[in-house]
Every structure is written in structure tokens, then in C-alpha cells.
Amino acid sequence: QVQLVESGGGLVQAGGSLRLSCVASGIIFRFNSMGWYRQAPGKQREQVAYIMSGGSTNYADSVKGRFTISRDNAKNTVYLQMTSLKPEDTAVYYCAARPWTTSSWDYWGQGTQVTVSS
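Since the model is a prediction, treat every value here as computed from it, not as a measurement. (Residues numbered from 1 in each chain as written. Predicted model: local features only at pLDDT ≥ 70, side-chain atom pairs only at ≥ 80, totals over all residues. Heavy atoms only, no water.)

Visitor: Explain the state of the cysteines here, please?
Guide: Simply put, the disulfide is a covalent bond whose two ends are the sulfur atoms of two cysteines. Under the counting rule described, the total for this entry stands at one disulfide. Between the sulfur atoms of Cys 22 and its disulfide mate Cys 95 the distance is 2.0 Å. Sign of the S-S torsion, about -80 degrees for the bond between Cys 22 and Cys 95, identifies this disulfide as left-handed. Of this pair, Cys 22 sits in strand β3 (residues 18-25) while Cys 95 sits in strand β9 (residues 91-99), and the two are 73 residues apart along the sequence. Neither residue differs from the other here; Cys 22 and Cys 95 are each classed as buried. (Disulfide = S-S within 2.5 Å. Helix = DSSP H or I, 4+ residues; strand = E, 2+ residues; numbered from the N terminus. Buried < 20%, exposed > 50% of the residue type's maximum accessible area, 1.4 Å probe, protein only.)

Visitor: Mind showing me how you'd approach the nonpolar core here?
Guide: The tendency in soluble globular proteins is for nonpolar side chains to be buried side by side. One finds Met 34, Trp 36, Leu 80, Met 82 and Tyr 93 to be the most contacted residues of the largest nonpolar core, which totals 28 residues. Elements with a contribution of two residues or more to this core: β3, β4 (31-39), β5 (46-52), β7 (67-72), β8 (77-82), β9 and β11 (112-117). (Core = buried A, V, L, I, M, F, W, Y, C linked by side-chain atoms within 4.5 Å.)

Visitor: So what exactly am I meant to see when it comes to the pattern of salt bridges here?
Guide: Pairing is possible between side chains that carry opposite charge, provided their charged atoms lie close to one another. A full pass over the atoms with the stated rule returns four salt bridges. Between Glu 46 and Arg 38 there is a salt bridge; the shortest N-O distance is 2.7 Å. The closest approach of N and O atoms between Asp 89 and Arg 66, which form a salt bridge, is 2.7 Å. Of this pair, Asp 89 sits in the loop between β8 and β9 while Arg 66 sits in the loop between β6 (57-59) and β7; the two residues are 23 residues apart in sequence, bridging distant segments of the chain. By relative accessible area, which is 1% here, Asp 89 ends up buried. Judged by relative accessible area, which is 10%, Arg 66 ranks as buried. Salt bridges here are not isolated pairs; linked through shared partners, they connect Arg 38, Glu 46, Arg 66 and Asp 89. (Salt bridge = Lys/Arg side-chain N within 4 Å of Asp/Glu carboxyl O.)

Visitor: What's the story with the packing of aromatic side chains in this structure? I'm lost.
Guide: Geometrically, a pair of aromatic rings is defined through the distance of the ring centres and the angle of the planes. Throughout the structure, instances matching the rule amount to three aromatic pairs. Ring centres of Tyr 37 and Trp 105 lie 5.7 Å apart, and the angle between their planes is 75 degrees; this geometry places the pair in the edge-to-face category. In this pair, Tyr 37 sits in strand β4 while Trp 105 sits in the loop between β9 and β10 (107-108), placing the two residues 68 residues apart along the sequence. Since its relative accessible area comes to 9%, Tyr 37 is described here as buried. Judged by its relative accessible area of 16%, Trp 105 falls in the buried class. Taken together, the ring pairs connect Tyr 37, Tyr 50, Trp 105 and Trp 108 into an aromatic cluster. The side chain of Arg 45 reaches across the aromatic face of Tyr 37, ending 5.3 Å from its centre. (Phe/Tyr/Trp six-rings, centres within 6.5 Å; stacked < 30°, edge-to-face > 60°. Lys NZ or Arg CZ within 6 Å of the ring centre and 35° of its normal.)

In C-alpha cells, the structure reads:
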């Protein structure tokens, strides 16, 4: 089965930066999109950013200008470069993949914790 594995989370001071990575492996490698979601304690999961196979990107308003998503299709890897981090960015960040067959976010990673201290 498809596996998504995130890495790069950690503890960082406000104003700092982190770079998250997600590597996809398994049977299905052809994805419509790959993206990042996050979920803070007591909050709903929210979409942070996604990138289409052709390279177009979309960002949540809360992270525009601070986060950058990129993708290496040959390596089945997606990245999230986070800068100017704020305490409100603290959450578990999940990598997700959307296959062409369903056009829904069917595959998810285990999550990586990002904690931004003030």
C-alpha cells in the first residue's frame, strides 16, 4: 500500500524556520496533488497548502507569504518550507496525497509535530 512518511518537525522559537519533508512510496505513485494539513489540539484539521502535479500551488491565507510548498515528482517527495513561524503554527502536520482515481485526499502520513515557542 501507499505510504507517506513525514520528517522535519521539531521545536523552534517564534520567528524561526523549519523544513518538512514527505516521501511517498508503495503501489500508487501517480497523484493529482500532494499537500500539507495541520491539526492543533482541540481544533479541526485544516489544509495548509497543496501542490498539483504540474507545479501550481495553493496556500491557506494564514500561511501565505511565510510557507512555501514544493514537490519533486521524480522522488515522490513534497516539502514545506516554513519561515517566520508563529506560536499559532503549532500543530501536528500531516502529509496527504490525492490520486487521480478518486480526486480525494485518500493517503495520509503519520504526522510530525511542530511546536513554536514564544
